[in-house]
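Here is what each chain is made of, one letter per residue.
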Amino acid sequence: MREVLLEKLRTEKFLQIALDFIDINDAIKVVNEVKDLENEIIEIGTPLLKSFGIEGIRKIKSIVPDKIIVADTKTADAGDVEVEIAKLGGANIMTVLGIMDDSTIHSAVKKARELDILVQADLINVKNVYERAKELKQLGVDIIGFHVGLDVQKSRGISVADLKSEIRKVSELGLLISIAGGLNKDRILELIDLPVSIYVVGGAITRSKEPKNVSKEIVNILKGR
Ligand SMILES: O=C(CO)[C@H](O)[C@H](O)COP(=O)(O)O
């Protein structure tokens, strides 16, 4: 399963829809609208995970059993335990904070290989992204996630689209790359030539009046249509 998923991510570009809701009914509404689209990954966002835990992952997965599911655990400690939580819910990918101690990354990576899921290291708040990405590669993470968090987006008025040169440089390390933080259709168009596998979109889809149409337009861009 790990190898099949890694190969898929290497060969196609995916839209990851981040369900950053507190109420699971809001998340279910969006999933029902977008479930027929191709090339999507469904993310159980951190707020949803904190509100509904393993049951929340299971509930969303039961609606879209064939889609790739990310549990955005943003793990800061006990990597192995949080991999187990993601797996129990049926997630295919979990996230660990790249800024945390190597022992946490190692623990997540080891358990993820045993349980056949992928680990994404989130570079949120990492200062020297290239150096840390090199270390994270050595530690065996499967995906590197560039991420400008919601608070930084608001307070500094930036998005992950402002990290274009860093993303290009890290991509030379040969890791799979995910990017998140303030993405919308126009910003994805700006970044489409980058060797990025996963474009994460939260608010631009979930706060839109037409989540399906917005998602469809983005999938079309990613598929070069
Ligand atoms: O992980 C997150 C916040 O920590 C969000 O899921 C991520 O930033 C994507 O959401 P948006 O597109 O609204 O920025």
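Before going into details, it helps to say that this report is about the structure given with it. All figures in this text were calculated on a predicted structure; none of them were measured in a lab.

## Overview of the site of the ligand
Every one of the 13 residues lining the ligand counts as a neighbour, but D20, Q153, G182, G202 and G203 are closest to it. Note that an oxygen atom of the ligand is positioned 2.8 Å from one of the side-chain N or O atoms of Q153. Contact distances for the ligand include 2.9 Å between an oxygen atom and a backbone N or O atom of G182. Bound to the protein, the ligand loses 91% of the 370 Å² it would expose on its own. For the shell around the ligand, the per-class residue count stands at three nonpolar, six polar and four charged.

## Quick word on the pattern of salt bridges
Scanning the entire structure with this criterion turns up 13 salt bridges. A salt bridge links D72 to K74; the shortest N-O distance between them is 2.9 Å. D72 sits in the buried class, given a relative accessible area of 7%. Taken together, the shared-partner salt bridges in this structure form one network comprising E38, K223 and R225.

## Re the environment of D122
In this fold, D122 is placed in strand β5 (residues 118–122). Exposure remark for D122: the relative accessible area of 3% places this residue in the buried category. Between the C-alpha atoms of D122 and G224, which are 102 residues apart in sequence, the distance is 27 Å. Residues contacting D122, with those up to four places away along its chain left out, are K74, V96, L97, G98, I99, G145 and H147. Side-chain polar atoms of D122 contact the side chain of H147, separated by 2.9 Å.

About the cut-offs
Residues numbered from 1 in each chain as written. Predicted model: local features only at pLDDT ≥ 70, side-chain atom pairs only at ≥ 80, totals over all residues. Heavy atoms only, no water. Near = heavy atom within 4 Å. Polar contact = N/O pair within 3.5 Å; in protein donor to acceptor, adjacent residues only side chain to side chain. Areas by Shrake-Rupley, 256 points an atom, 1.4 Å probe, with all protein chains shown as cover. Nonpolar A, V, L, I, M, F, W, Y, C, P; charged D, E, K, R; others polar. Salt bridge = Lys/Arg side-chain N within 4 Å of Asp/Glu carboxyl O. Buried < 20%, exposed > 50% of the residue type's maximum accessible area, 1.4 Å probe, protein only. Helix = DSSP H or I, 4+ residues; strand = E, 2+ residues; numbered from the N terminus. Contact = heavy atoms within 4.5 Å.

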